[in-house]
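Listed here are the chains, written in short residue letters.
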Amino acid sequence: MELKENVSFFQKTAVEKKCTVVAVSKTQSPEVIRQVYDLGIRDFGENKVQELIPKKENLPSDIRWHFIGHLQSNKIKYIAPFIHLIHSVDSLKLLKEINKEAAKNDRILSCLLQIHIAIEESKFGFSFEEALKLLESNETDAFKSIKINGLMGMASFTENKEKVRSEFSGLKSFFEQIRQKIKKENVEMKVLSMGMSGDYQIALEEGSTLIRVGTSIFGERHYH
Ligand SMILES: *Cc1c(COP(=O)(O)O)cnc(C)c1O
């Protein structure tokens, strides 16, 4: 029952705020994902390749799978045939490998650059400077089988809402800057992936076009 209410709440949010809602299904069983699917959700997010593959094989083929976790180059080949959007591209090397696997599958793979906006230390994500430098360089020009469709960011894990707001707002400004400045065949800024269960309202107020919601749809995660 709760699942049904949660899903319908986010379906309403998607319409009202004109955003995409990705149901983050990591750690959730295929049975529970199927229930959410039956309620009408088609976008699901996973952060581990080894968890995603068996789920994909056991669930309907019209699901749009989003990859939201750290991606290792040697695992791209497993998801390249079907993945809808990779949110977590954090290096030139990864982009190059995604391009290669996409070409093998005769696909153009849609990617977001992950930007590190939080105060927490993280090995993952570009700084604004690094991302801009990459996009302004000619290093990605030869990648014909990818499309850089936007940016993804995670705000600091803090109770300080103004801090979270300023991080989201900074990412939105950067997104707009790139959208206006970078004119390339394989760059088309459309998706700003920001906001999770704890901060999606702030993210939407600051211009998010896609929220990634796990706990608020499925309930608490149980790791096993
Ligand atoms: C787990 C995860 C989410 C969802 O988190 P919730 O707080 O459960 O909504 C969103 N984005 C990423 C990258 C995640 O790893």
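Everything in this summary refers to the structure shown in the same document. (Residues numbered from 1 in each chain as written. Predicted model: local features only at pLDDT ≥ 70, side-chain atom pairs only at ≥ 80, totals over all residues. Heavy atoms only, no water.)

## Structural notes on the nonpolar core
Core analysis: the largest hydrophobic core is formed by 64 residues, its most contacted members being F44, I98 and L151. For this core, the element with the most residues is helix α7 (residues 161-181), which contributes 6 residues. Those residues in contact with L151 that lie beyond four places of it in its chain are L112, L113, I115, L171, F174, F175, I178, M189, V191, L192 and S193. Counting residues in each nonpolar core, the second largest holds 6 residues, with L85, L112, V191 and L210 among its members. (Core = buried A, V, L, I, M, F, W, Y, C linked by side-chain atoms within 4.5 Å. Buried < 20%, exposed > 50% of the residue type's maximum accessible area, 1.4 Å probe, protein only. Helix = DSSP H or I, 4+ residues; strand = E, 2+ residues; numbered from the N terminus. Contact = heavy atoms within 4.5 Å.)

## Notes on the side chain of S110
Tracing the sequence through the fold places S110 in strand β5 (residues 109-116). With sequence-adjacent residues up to four places away left out, S110 is seen in contact with H84, L85, I86, K147 and N149.

## A short note on the site of the ligand
In the region of the ligand, the neighbouring residues are V24, K26, I68, M154, M196, S197, R212, V213, G214, T215 and R221. Note that an oxygen atom of the ligand is positioned 2.7 Å from one of the side-chain N or O atoms of R221. Coverage of the ligand by the protein amounts to 90% of the 390 Å² it exposes when considered alone. The cavity where the ligand resides is the largest pocket. Class assignment of the residues belonging to the shell around the ligand gives a composition of 5 nonpolar, 3 polar and 3 charged. (Near = heavy atom within 4 Å. Polar contact = N/O pair within 3.5 Å; in protein donor to acceptor, adjacent residues only side chain to side chain. Areas by Shrake-Rupley, 256 points an atom, 1.4 Å probe, with all protein chains shown as cover. 1 Å grid on protein atoms, 1.4 Å probe; cavity = no way out; pocket = protein on both sides within 12 Å on 5 of 7 lines; lining within 4 Å. Sits in = over half its atoms within 2 Å of the grid points. Nonpolar A, V, L, I, M, F, W, Y, C, P; charged D, E, K, R; others polar.)

## Observations concerning the layout of surface pockets
Here the largest pocket defines a volume of roughly 1000 Å³. Lining the largest pocket are 34 residues, and of these M154, A155, F157, M196 and R212 sit closest to its centre. Elements represented by at least two residues in the lining of the largest pocket include exactly β5, β6 (146-154), α7 and β8 (210-213). In terms of residue count, the dominant contributor to the lining of the largest pocket is β5 (3 residues). Its residues assigned to classes, the lining of the largest pocket comprises 14 nonpolar, 13 polar and 7 charged. (Points joined across faces, edges and corners; volume = space filled by probe spheres on them.)

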